[in-house]
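Below are the chains, spelled out letter by letter.
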Amino acid sequence: MRVARERVRALVESKPFQRAIITLIVLNAIILGLETYPAVVDAIGEALTIVNAAIIGIFVVEITLRIFAHGLSFFRSGWNLFDLFVVIVALIPAGSEAGVLRVLRLLRVLRLLSAVRSMRLVVTALGASMPGIASIGALLFMLIYVFSVAATTLFGAQNPDHFGDLWVSGASLFRIMFGDGWPDFVAPMAFDAPWIWGFFIVFTIAASLIVLNLLIAVVVEAMDRMKIADIDEALEEDKALDERILEELAALREQVSRLEAATTKRGLDRPVS
């Protein structure tokens, strides 16, 4: 059983096997896109259904092999559980009336995130940077809140449609932060009072440039940490492989020594004619 698992693990972790699975995921994504065109479905819908079913069958075989190769350790990885969930969803029959289930089929495309190592690294880095992103989000919320109160106080009477209360002011400032709304209500307001330009420029610099740079810094720092962890994991795997090879060589050397000793003993025990 152990030898069989090792062989299956070597198969599912080999580069050609992984590239074949990635190719099937991309092909499946193309098929899902083609199924949105009624003319294509009318012309080759049956062929697409057959190919799609064959790809799902291959996915089932692949996930079964991975479970057999890794055993219970398969279920300790979040990416493996995600792949298993996607395959299970793919097996659920989705008729035309089951719109939600049909939409869930698109999760198969997201398997690229677990199949492609670079994509997996990016998603893992984003997950690791969530505490920092949450802190930056709190900072941004506080910034918008302060400027919303100020904008409501300063411009509420002048432009009640966009700064009449706290909620409306926050929504308007959120638009301004992404470069929208400047010609709609900022420019008309600043026509008679040029200092208004300064208020919104300061807000844009603080909200867009500073916060955005902080966000980029947090994500980049998380990606660097993930790369270091990935390198350490690869080194550990290489070390474990080297130890396994050394153990096998030691066992082979011991077997050869025993064979030589047995051969020598038979030679000594043989009567001299």
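In case you missed it, the structure is sitting above this.
Keep in mind the model is a prediction, meaning the values are calculated, not measured. (Residues numbered from 1 in each chain as written. Predicted model: local features only at pLDDT ≥ 70, side-chain atom pairs only at ≥ 80, totals over all residues. Heavy atoms only, no water.)

Topic: the overall build of the protein
Logical step 1: Secondary structure summary: the protein contains 12 helices and 0 strands in total.
Logical step 2: Its helices and strands taken in sequence order, the protein reads α-α-α-α-α-α-α-α-α-α-α-α from the N to the C terminus.
Logical step 3: Counting all 273 residues of the protein, 27% fall into the buried class. (Helix = DSSP H or I, 4+ residues; strand = E, 2+ residues; numbered from the N terminus. Buried < 20%, exposed > 50% of the residue type's maximum accessible area, 1.4 Å probe, protein only.)

Here we look at the packing of helix 2 (residues 15–34) against helix 3 (residues 38–70)
Logical step 1: Two numbers describe how helix 2 lies on helix 3: the axes approach to 10 Å, and their chain directions differ by 150°. It follows that helix 2 is roughly antiparallel to helix 3 by the angle criterion. Helix 2 and helix 3 meet at a crossing whose hand is left-handed. Here helix 2 contributes Phe17, Ile21, Leu24, Ile25, Leu27, Asn28, Ile31 and Leu34 to the contact with helix 3, which in turn contributes Val40, Val41, Leu48, Val51, Asn52, Ile55, Ile58, Phe59 and Glu62.
Logical step 2: A breakdown of the residues in the contact of helix 2 with helix 3 according to their chemical character gives 14 nonpolar, 2 polar and 1 charged. (Axes fitted to C-alpha atoms, helices over the stretch in contact; angles between N-to-C directions. Parallel < 35°, antiparallel > 145°, perpendicular 65-115°, else oblique. Left-handed = near helix turned anticlockwise from the far one by under 90°. Contact = heavy atoms within 4.5 Å. Nonpolar A, V, L, I, M, F, W, Y, C, P; charged D, E, K, R; others polar.)

Looking at the packing of helix 3 against helix 4 (residues 78–91)
Logical step 1: Following both chains from N to C, one finds helix 3 and helix 4 inclined at 145°, their axes separated by 10 Å at the closest point. The hand of the helix 3/helix 4 crossing is left-handed. Across the interface between the two elements, Ile56, Phe59, Val60, Ile63, Arg66 and Ile67 of helix 3 pack against Asn80, Asp83, Leu84, Val87, Ala90 and Leu91 of helix 4.
Logical step 2: Classifying every residue of the contact of helix 3 with helix 4 gives 9 nonpolar, 1 polar and 2 charged.

Notes on helix 11 (residues 182–190)
Logical step 1: Within helix 11 the residues assigned to the buried category are Trp182, Phe185, Val186, Met189 and Ala190. Angular distribution of buried residues about the axis of helix 11 spans 130°; they occupy a single face of the element. (Arc of directions from axis to C-beta.)

As for the side chain of Glu62
Logical step 1: Positionally, Glu62 belongs in helix 3.
Logical step 2: Those residues in contact with Glu62 that sit more than four places away from it in its chain are Phe17, Ile21 and Arg111.

Comments concerning the packing of aromatic side chains
Logical step 1: One pass over the structure, following the stated rule, counts 13 aromatic pairs.
Logical step 2: Measuring from centroid to centroid gives 5.2 Å for Phe147 and Phe203, while their planes differ by 55°, and the two rings are tilted. Here Phe147, found in helix 8 (residues 130–155), pairs with Phe203, found in helix 12 (residues 195–269); they are 56 residues apart in sequence, far enough to count as distant.
Logical step 3: For Phe147, a relative accessible area of 14% gives the class buried.
Logical step 4: Pairing Phe155 with Phe199 gives two aromatic rings, centres 5.3 Å apart and planes at 80°, and the pair type is edge-to-face. Separated by 44 residues along the polypeptide, Phe155 in helix 8 and Phe199 in helix 12 bring together distant segments of the chain. Each member of the pair, Phe155 together with Phe199, is buried.
Logical step 5: Each member of the aromatic cluster is reached from another via a ring pair, and the members are Phe147, Phe155, Phe163, Trp182, Phe185, Trp195, Trp197, Phe199, Phe200 and Phe203.
Logical step 6: A cation over an aromatic ring shows up here: Arg5 above the ring of Phe68, its NZ or CZ 5.7 Å from the ring centre. (Phe/Tyr/Trp six-rings, centres within 6.5 Å; stacked < 30°, edge-to-face > 60°. Lys NZ or Arg CZ within 6 Å of the ring centre and 35° of its normal.)

What to know about the side chain of Thr204
Logical step 1: Its place among the elements puts Thr204 in helix 12.
Logical step 2: Classification of Thr204 by relative accessible area gives buried; the value is 19%.
Logical step 3: Apart from the residues lying within four places of it in its own chain, the contact partners of Thr204 are Ile176, Trp182 and Leu209.

Here's the deal with the nonpolar core
Logical step 1: Counting 24 residues, the largest nonpolar core has Phe155, Phe163, Leu173, Ile176, Ile196, Phe200 and Phe203 as its most contacted members.
Logical step 2: Those elements that place two or more of their residues in this core are helix 8, helix 10 (166–177), helix 11 and helix 12.
Logical step 3: Sequence-distant contacts of Phe163, defined by excluding residues within four places in its chain, comprise Ala151, Thr152, Phe155, Gly156, Val168, Ser169, Ser172, Leu173, Phe185, Met189 and Phe200.
Logical step 4: Listed in part, the 16 residues of the second largest apolar core include Val8, Leu24, Ile31 and Val87. (Core = buried A, V, L, I, M, F, W, Y, C linked by side-chain atoms within 4.5 Å.)

A word on the pattern of salt bridges
Where charged atoms of side chains with opposite charge meet at close range, the side chains can pair.
Logical step 1: Under the counting rule described, the total for this entry stands at 4 salt bridges.
Logical step 2: Linking Arg66 and Asp83 is a salt bridge whose minimum nitrogen-to-oxygen distance equals 3.1 Å. Here the residue Arg66 occupies a position in helix 3, and Asp83 occupies one in helix 4, the gap between them amounting to 17 residues. Note on accessibility: Arg66 and Asp83 belong to one class, buried.
Logical step 3: The residue Asp184 makes a salt bridge to Arg175 at a minimum N-O spacing of 3.2 Å.
Logical step 4: With a relative accessible area of 49%, Asp184 lands in the partly exposed category. (Salt bridge = Lys/Arg side-chain N within 4 Å of Asp/Glu carboxyl O.)

Examining a negative patch on the surface
Logical step 1: A contiguous patch of negative charge, built from Glu6, Glu236, Asp242, Glu243, Glu247 and Glu248, is present on the exposed surface.
Logical step 2: Within the secondary structure, Glu243 sits in helix 12. (Patch = residues over 30% accessible without salt bridge, like charges linked within 9 Å, V, L, I, M, F, W, Y side chains within 5 Å. Areas by Shrake-Rupley, 256 points an atom, 1.4 Å probe, with all protein chains shown as cover. Lys, Arg positive; Asp, Glu negative; His and termini not counted. Charge placed at Lys NZ, Arg CZ, Asp CG, Glu CD.)

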